[in-house]
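Next come the chains, spelled out residue by residue.
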Amino acid sequence: MGSKNVALKPAKILRSQDILSISQFSRAGINTVFKTTSRLKNLAINSKPSNILAGKIVVLLFYEPSSRTLSSFDAAIKQLGGQTIVINNPLQLSSIAKGETFEDTIRTLEAYCDAIVLRHPEAGFADKAAQISQTVPIINAGDGAGEHPTQALLDLYTIWNFKKRLTNLKGLIIGDILNARALHSLISGVSLYEGNSLYLLSPRKLRLQKESVKKLRSKGLKIIEIETVSEIPTDCDFWYVTRVQKERFKTLAEYKKVENKIIVTKELVTKYGNKQMIIMHCLPRVGEIDTELDSDSSAVYLKEQIRNGMYVRMALLKIVLN
Ligand code: NCD
């Protein structure tokens, strides 16, 4: 609906608006999302069905592969009594294969639904869809190497649940910081809160763009870019691991140069971690975190983190559609 620049006052939080970037959220807005999430999580855990989205139809339009984002949005909508139209792989399975434009696809789908959740391989396409859609909100489920705001909200919610705060945190982020959209949104979200420091561990080629670092620092976020595991501080509150985003590289050779340069193992966690921290990963993983860590009490990626994905998305859909 093209309402990206609307200032989100606490009282409004995003009602009937697109969710395109984490930068649309104020701290008060995030607080409200969290409160709604916890309420709906309790309802869902106690198996009390909710009909908040009864009569609503949401299109899930995914141009890129997805396991968690697609299925947790689908589950979230159904948990709330709504229905979905899943269009997976539209490049092959919709009229786009016959040459239909992105504009026509969005204009068509908005005629049949109350919101469109979009994943697209190109950064900026969620914004573009929001400009095209005249009647329904667009929710960005990942746009290329751009943003992944709903992932950031579930990640922040997970950290907040374990640490009981989002201020004065020390975090370690490992992986493809240049290309991972989930990290772009998460780091931007963390920068909303005071007293936070982030250690960014990656090969030099996968560092965050200089302008982004500058912008984040100007907001008060302490960013320390590191290249070797020996520079990891032992008192982090969380570690967040990501895969190197193979699909964003121009050639396989370029990807191979930086693939799995840093692998998070039990040994590494024992040496540089601590008992109070949590270990996160947005998944999928392709070797950068040892499966041996799955049963570690600090590891939340296969447990709370993926489950919170559905609860946070339930809250967001309630806010956007209700
Ligand atoms: C991420 C994505 O698609 O950006 N996955 C997810 O949504 N959980 C991360 C990734 O693909 O590495």
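Above this text you will find the structure in question.
Residues numbered from 1 in each chain as written. Predicted model: local features only at pLDDT ≥ 70, side-chain atom pairs only at ≥ 80, totals over all residues. Heavy atoms only, no water.

*Asks:* What exactly am I supposed to notice about the packing of aromatic side chains here?
*Replies:* Where two aromatic rings form a pair, the distance of their centres and the angle of their planes describe that pair. Inspection of the entire model under this criterion finds six aromatic pairs. With 5.2 Å between their ring centres and 35° between their planes, Phe-34 and Trp-160 make a pair best called tilted. A residue pair is termed long-range when its members are at least 10 positions apart, and Phe-34 in helix H1 (residues 27-45) and Trp-160 in helix H6 (residues 149-163) qualify at 126 residues. Its relative accessible area of 2% is what places Phe-34 among the buried residues. (Phe/Tyr/Trp six-rings, centres within 6.5 Å; stacked < 30°, edge-to-face > 60°. Helix = DSSP H or I, 4+ residues; strand = E, 2+ residues; numbered from the N terminus. Buried < 20%, exposed > 50% of the residue type's maximum accessible area, 1.4 Å probe, protein only.)

*Asks:* What am I meant to see in the packing of H1 against H6 here?
*Replies:* Axes are the key here: two packed helices are described by the angle between their axes and the distance separating the axes. Remark: H1 packs on H6, axes separated minimally by 11 Å, with the N-to-C direction vectors making an angle of 75°. Our classification of the angle between H1 and H6 gives roughly perpendicular. Contact residues: H1 offers Ile-30, Phe-34, Thr-37, Ser-38 and Lys-41, while H6 offers Leu-153, Leu-156, Tyr-157, Trp-160 and Asn-161. A breakdown of the residues in the contact of H1 with H6 according to their chemical character gives six nonpolar, three polar and one charged. (Axes fitted to C-alpha atoms, helices over the stretch in contact; angles between N-to-C directions. Parallel < 35°, antiparallel > 145°, perpendicular 65-115°, else oblique. Contact = heavy atoms within 4.5 Å. Nonpolar A, V, L, I, M, F, W, Y, C, P; charged D, E, K, R; others polar.)

*Asks:* What should I look at first to understand empty space enclosed by the protein in this one?
*Replies:* Gaps left between atoms are located by rolling a probe of water-molecule size over the structure's atoms. Throughout the structure, instances matching the rule amount to one cavity of 30 Å³ or more. Of the voids in this model, the largest cavity is the one considered here, and its volume is about 80 Å³. Lining of the largest cavity is provided by 13 residues; of these, Gly-175, Val-244, Asn-260, Lys-261 and Ile-262 occupy positions nearest its centre. By residue class, the composition of the lining of the largest cavity is seven nonpolar, three polar and three charged. (1 Å grid on protein atoms, 1.4 Å probe; cavity = no way out; pocket = protein on both sides within 12 Å on 5 of 7 lines; lining within 4 Å. Points joined across faces, edges and corners; volume = space filled by probe spheres on them.)

*Asks:* Is there a simple way to think about helix H5 (residues 125-132) in this case?
*Replies:* Note on helix geometry: an α-helix contains 3.6 residues per turn, so any two residues three or four positions apart are oriented the same way. Residues Phe-125, Ala-126, Ala-129, Ala-130 and Ile-132 constitute the buried set of H5. With its buried residues spanning 160° around the axis, H5 presents them on a single face. Its buried side turned inward, H5 meets helix H4 (102-109), strand S3 (115-120) and strand S4 (138-143). (Arc of directions from axis to C-beta.)

*Asks:* Mind showing me how you'd approach the site of the ligand here?
*Replies:* Around the ligand, a shell composed of Arg-68, Thr-69, Arg-119, His-148, Gln-151, Arg-181, Arg-243, Gln-245, Cys-282, Leu-283 and Pro-284 is seen. Within the side chain of Thr-69, one N or O atom sits 2.8 Å away from an oxygen atom of the ligand. Residue Gln-245 places a side-chain N or O atom 2.8 Å away from an oxygen atom belonging to the ligand. Its residues assigned to classes, the shell around the ligand shows three nonpolar, four polar and four charged. (Near = heavy atom within 4 Å. Polar contact = N/O pair within 3.5 Å; in protein donor to acceptor, adjacent residues only side chain to side chain.)

*Asks:* Hey, could you run me through H1 in this one?
*Replies:* For H1, built from 19 residues, the straight-helix expectation of 27 Å at 1.5 Å per residue is met to within 8% by its first-to-last C-alpha distance of 27 Å. Inspection of H1 places Gly-29, Ile-30, Val-33, Phe-34, Thr-36, Thr-37, Leu-40, Lys-41 and Ala-44 among the buried residues, and these make up the whole buried set. Where H1 is buried, its residues meet helix H2 (68-79), H6 and helix H11 (304-321). Immediately beyond the C-terminal end of H1, within one or two residues, lies Ser-47, with a positive phi of roughly 55°. (Expected span 1.5 Å × (residues − 1).)

*Asks:* Sorry, what's going on with the sheet that holds strand S7 (residues 222-226) here?
*Replies:* Either a parallel or an antiparallel arrangement is found when strands of a sheet pair, and the pairing is made through backbone hydrogen bonds. With parallel pairing, the five strands of this open sheet are ordered in space as S7-S6-S5-S8-S9. Strands at the two margins of the open sheet, each flanked by one partner only, are S7 and strand S9 (278-281). Sheet twist, expressed as the mean angle between neighbouring strand axes with direction ignored, is 20°. (Pairing = 2+ DSSP bridges.)

*Asks:* Just to check I follow, could you spell out the sheet that holds S3 for this structure?
*Replies:* Read across the open sheet, the four strands follow the order S2-S1-S3-S4; overall the sheet is parallel. Each of the sheet's edge strands pairs with one partner strand only, and the pair in question is strand S2 (83-88) and S4. With direction set aside, neighbouring strand axes in the sheet form an average angle of 15°. Examined bridge by bridge, strand S1 (residues 57-62) and S3 share five bridges and lie parallel to one another. Following the sheet pairing, Phe-62 is matched in S3 by Arg-119.

*Asks:* Honestly, the nonpolar core in this entry has me stumped. Any pointers?
*Replies:* Soluble globular proteins: nonpolar side chains tend toward being buried together. Of all hydrophobic cores here, the largest spans 61 residues; its most connected members are Ile-173, Ile-187 and Tyr-240. Not counting chain neighbours up to four residues away, the residues in contact with Ile-173 comprise Leu-183, Leu-186, Ile-187, Leu-198, Tyr-199, Leu-200, Leu-201 and Tyr-240. With 20 residues, the next largest nonpolar core counts Leu-172, Cys-236, Ile-262 and Ile-289 among its residues. (Core = buried A, V, L, I, M, F, W, Y, C linked by side-chain atoms within 4.5 Å.)

Taken by themselves, the reported measurements are silent on function.
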